[in-house]
Amino acid sequence: MKKKRKKDAASFQVTTCFTEEELLVYGTGGLPKTKRAKIFHHLNVERCERCRDLFLMLGREESTGESSQVREKIIHQLKNAKGTVRKYATPLKIQRGQIWTTTVRPKNASGDTIASMGVAFPVLVVSGGSGEKLLHNIIRVIPVSFDTDYEVAGETLVIGKENPLMYPVLLEIFNERPMLAGNLDEYRGNVSTKDLARIMEMRERFLEGRETEPDEEYLAWKEKEIELAEFISFPVNEALREEDTHDQSIEIPVSGYRKAADTSEAELSQVTPHVLLKTAGFSLNIVQIKDRFLLRIAVDDPGEKSLPRILVNSRAVLLEERGAGVHEALLGYADHMDEIMELEAEFGGEHHVFHIRFRTKGSQG
Amino acid sequence: MIDPFPKIKSLEREGNFNGVIQAVVENYGDLGPVRPELLARIVHYLDHFRAFISPKSIAAIGCLPPADLQYAGLTDIPDAGSGERPAQSIGRIAFPAVTSGGLVREIRVVEEEGANMLSARLQALDHAGAAVYRVLKNYLGRCCCWTPGRFSFHVLDPYGKDDPAVEGSSLLLPLAIALYSLVTRIPVPADLSATAALGRDGKVAPVANIREKLAILNRERFFIKRVLVSAKQEMPGNMSGCRVIRVHSLDDALSITFQRPPDAACFSGDLDIDAEIRSLSDQYNRYLIDTCIENADELIRFLELKKSRTEREKTVPALFTCYWKKGSCHCHKGEVRETNGSLKKAVSLYRKYPGLVRGDDYFDARVSYAVLLKDIFRYGEAENIHKQLIEEMEQSRSLDHIKGKNLSTLSQLYLAMHRFGEAEQYQRRAMKLIRREELCRNYGYLAQIHTRSGALRK
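Calculation rules
- Residues numbered from 1 in each chain as written.
- Chains lettered and ligands numbered in written order.
- Predicted model: local features only at pLDDT ≥ 70, side-chain atom pairs only at ≥ 80, totals over all residues.
- Contact = placed C-beta atoms within 7 Å.
- Helix = DSSP H or I, 4+ residues; strand = E, 2+ residues; numbered from the N terminus.
- Nonpolar A, V, L, I, M, F, W, Y, C, P; charged D, E, K, R; others polar.
- Buried ≥ 20, exposed ≤ 12 C-beta atoms within 10 Å, placed from the backbone.
- Pairing = 2+ DSSP bridges.
- Axes fitted to C-alpha atoms, helices over the stretch in contact; angles between N-to-C directions.
- Core = buried A, V, L, I, M, F, W, Y, C linked by C-beta atoms within 7 Å.
- Parallel < 35°, antiparallel > 145°, perpendicular 65-115°, else oblique.
- Left-handed = near helix turned anticlockwise from the far one by under 90°.
- Expected span 1.5 Å × (residues − 1).

**What about the interface of chain A and chain B?**
Turning to step 1, where the next piece is worked out: Chain A puts 25 residues into the contact, and the matching count from chain B is 24 residues.
Turning to step 2, where the next piece is worked out: Elements represented by at least two residues in the side of chain A that touches chain B include exactly strand S10 (271-279), strand S11 (282-289), strand S12 (292-299) and strand S15 (320-323) of chain A.
Turning to step 3, where the next piece is worked out: Top contributing element to the side of chain A that touches chain B by residue count: S11 of chain A, with four residues.
Turning to step 4, where the next piece is worked out: Looking at the side of chain A that touches chain B, its residues break down into twelve nonpolar, six polar and seven charged.

What follows is the structure in structure tokens.
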């Protein structure tokens, strides 16, 4: 990470830079005075490289006079060409490596608009889900930022201007999140195979931990970026956890396990937890350990006696204390799990219902 | 919030026990659902891998909630540093590696005749062994052949399983140290590791990811206090932990590692010529070309001194094989001048000592040479040799099968030269001489000729 940064610890792309549309309209003289002054300051005093490049690409030079012919040309551009950077044919399938902008009016899975954003975000697709650009398809994306000064090995990655956006960008690997594919707006092109390989490698490494100790400025920026990108995954979370009813559908993969005569203790690779509900100091989980599926409640305070009442398929479950703040009950074995299970929990004065589907390898997803 | 459990799982898979303990303690609050299993694993590490658990990890365990420590039976952990330390060991050394993450593995070199090693490992062993035997030869001052076929090595994780994912040039120096330890029977000190590339000439070269490698050694093998690296290795600043020792050559590395010189009695004085000649063929067949050339040179020097009248019967055929193999190896490397020099010597031995070198071996050698020449597109020279051999074989009343082989390879040469008529003619002649059980192969060659010449109906 570079030691000196010229920018504040906030997302430059959102708080300081301007959208292509704003720059285009600025070029036509169509903005209010205060906004025009801000853009003028940004282009000529702050000399933002990204916005200056973008402005030049729009076919306007800030200081030149405006002829009516040019003005008409720009208005035409504004009306007919949303994207001013290189145009690509929209692909049939959403796939890894594609850069898209997000819609400014994200919708939930039911198609209702849930927010109105001031600006679209570019994102890089790292998992295309079923490939359809529909609201029921959950994909995974990495937000793309222009704050290239905040490169921290293991957390973020800068790719040069040979990308579809045509200026250097910072991939916020730490900020990867799920998104409803229907909330993608405009396709901007694919990153190169070489860059994609770097990105995927960095993404893998991210799980293994940061390589550089970040400074406070970076942490403040990171927090801000996470906050700013929350709108991307909000509809997904909403789809998974309908807050009004606390009714959730969860799919749990069942890992195959060869029992043989194995009586040894579990290695960590044979332990897979699935969190159903988590609050401060409490979590409700299903954990697969070797071939056993356990319902587990973990509490930080070992003296906590008021455990929630749990019903599995309408039958009360007796939880046993396991130690280390954990209480558990056996749900079943990998080769005999019911495909569907309904789990109810009374917790914090609320009634939670989980529709759990245990998916064995090869079953239809 | 990122789930820390996948990273912890990956640390355990890699055998990074200190990494697991420290990550568990650091993220304990987020690991609620799997705490019992994590505590059980910590107990397991302390029971089975106590020597690897660092004082830092022991101190970290002490920071876990007392109730949980009590539940896991971890209230009475012996003082940090009081555990058993790994002993010095022969043929074994720990070294750091970086694959998807950092890890420490142990190279274990063993004497294992005819081991079925992966090609990359065989090449690495051959490379390191050539450098080790260069040092030994200088020290012993006598003929000393490196025989890769006698040895094998394993890259073991802490569970004792071979880890095929670990490869690369940085294991060459530790491999050479472990091999030297095995052949000299001097143990490698437990507080020493190495990470550097190594040339056959014994020069030590830098490696990538040195920061990660030193950091992983520091965390996972706290008792390693010295690490050998190349003198040219660029080092990141502020590296704490073990002492980095820079070396220029394997010779430097061995004198730092081993406090005493090897016992010359470990090496038998006389060479077993028959065994060495068999090894030479084995090296040639396994494509260990440089070792084959170096050993052939070594044996030639040794045998030329012993070529007295009394020992001729044994030394001349051995010399013939050495020159023949050496010439063939040079040919594989495209070194035609050296090839010619060696093969001429082989031919002159055959002619000078009639009866000592078997005619079939001689013809076989020359046919093989002609094939090699064809493979490097020296068609004219290859054709001349085949033609000469036809005459020589007639004169020496060679076996039909040998004659057939020569004609068949000449046919294949013509096929390569697009002289399809002659190719067919010689293949048909060969098929009349070749052993019945090998004829199917010649039918295949004939079919190739017809296909290439467009005579598909044939």
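**Here's the deal with the environment of Thr291 of chain B**
Residues and elements named next belong to chain B.
Turning to step 1, where the next piece is worked out: Following the sequence through the fold, Thr291 ends up in helix H11 (residues 289-305).
Turning to step 2, where the next piece is worked out: The exposure class of Thr291 is buried, given the 26 C-beta atoms found within 10 Å.
Turning to step 3, where the next piece is worked out: Along the chain, Thr291 and Asp126 lie 165 residues apart, while their C-alpha atoms are 7.3 Å from each other.

**Brief notes about the sheet that holds strand S1 (residues 92-98) of chain B**
Residues and elements named next belong to chain B.
Turning to step 1, where the next piece is worked out: Reading across the sheet, the three strands line up as S1-S2-S3 and stay open at both edges, with antiparallel pairing between neighbours. Two strands lie at the open edges of the sheet, namely S1 and strand S3 (151-156), each paired on one side alone. Pairs of neighbouring strands in the sheet enclose a mean axial angle of 30°, with direction left out of account.
Turning to step 2, where the next piece is worked out: Note: strand S2 (residues 102-111) against S3, six bridges, orientation antiparallel. Pairing of Glu106 across the sheet is with Leu156, part of S3.
Turning to step 3, where the next piece is worked out: Most of the contacts of helix H7 (residues 172-184) go to S2, to which it runs at about 35°, and overall it touches S1, S2 and S3.

**Section: the sheet that holds S12 of chain A**
Residues and elements named next belong to chain A.
Turning to step 1, where the next piece is worked out: Pairing in this open sheet of five strands is antiparallel, and the strands run S10-S11-S12-S16-S15 from one edge to the other. Edge strands, defined here as strands with exactly one partner in the open sheet, are S10 and S15. When strand polarity is set aside, the average angle formed by the axes of neighbouring strands in this sheet is 30°.
Turning to step 2, where the next piece is worked out: Note that S15 and strand S16 (residues 326-333) share three bridges and pair antiparallel. Bridge assignment links Glu320 to a residue of S16, and that residue is Glu328.

**Quick word on the nonpolar core**
A general tendency of soluble globular proteins is for nonpolar side chains to be buried together.
Turning to step 1, where the next piece is worked out: Ranked by internal contacts, the top residues of the largest apolar core, which has 104 residues, are Ala128, Val132, Leu173, Leu175, Ala176, Ile177 and Leu179 of chain B.
Turning to step 2, where the next piece is worked out: What Leu175 of chain B contacts, discounting residues up to four positions off in sequence, is Ile107, Ala124, Leu125, Ala128 and Phe153 of chain B.

**Let's talk about the packing of H7 of chain B against helix H9 (residues 250-257) of chain B**
All names here are of chain B.
Turning to step 1, where the next piece is worked out: For the pair H7 and H9, the least separation of the axes is 11 Å and the interaxial angle reads 55°. Regarding the angle of H7 to H9, the classification is oblique. Of the two elements, H7 crosses H9, and the hand of that crossing is right-handed. Together, Leu173, Ala176, Ile177 and Tyr180 of H7 and Leu250, Ala253, Leu254 and Thr257 of H9 make up the contact between the two elements.
Turning to step 2, where the next piece is worked out: Of the residues contributing to the contact of H7 with H9, the split by class is seven nonpolar, one polar and no charged.

**Let's talk about helix H3 (residues 33-44) of chain A**
Turning to step 1, where the next piece is worked out: For H3 of chain A, spanning twelve residues, the distance from its first C-alpha to its last is 16 Å, which sits close to the expected 16 Å at 1.5 Å a residue.
Turning to step 2, where the next piece is worked out: With one of twelve residues buried, H3 of chain A is to be regarded as a mostly surface element.

**Focus: the pairing of strand S7 (residues 226-230) of chain B**
Residues and elements named next belong to chain B.
Turning to step 1, where the next piece is worked out: Of all five residues making up S7, four are buried, and the element is well covered by its neighbours.
Turning to step 2, where the next piece is worked out: Pairing geometry for strand S4 (residues 192-194) and S7, over three bridges, is parallel. Considered in S7, the bridge of Ser193 is made with Val227.
Turning to step 3, where the next piece is worked out: Pairing between S7 and strand S8 (residues 243-247): five bridges, direction parallel. Within S8, the residue paired with Ser230 across the bridge is Val247.

**A short note on unusual backbone geometry**
Apart from glycine, the bulk of residues carry a negative phi angle, and the bulk of peptide bonds sit in the trans form.
Turning to step 1, where the next piece is worked out: Of note, the phi angle at Lys290 of chain A is positive, near 50°, even though the residue is not glycine.
Turning to step 2, where the next piece is worked out: Even without being a glycine, Arg185 of chain B presents a positive backbone phi close to 60°.
Turning to step 3, where the next piece is worked out: Looking at the secondary structure, you find Arg185 of chain B in the loop between H7 and S4.

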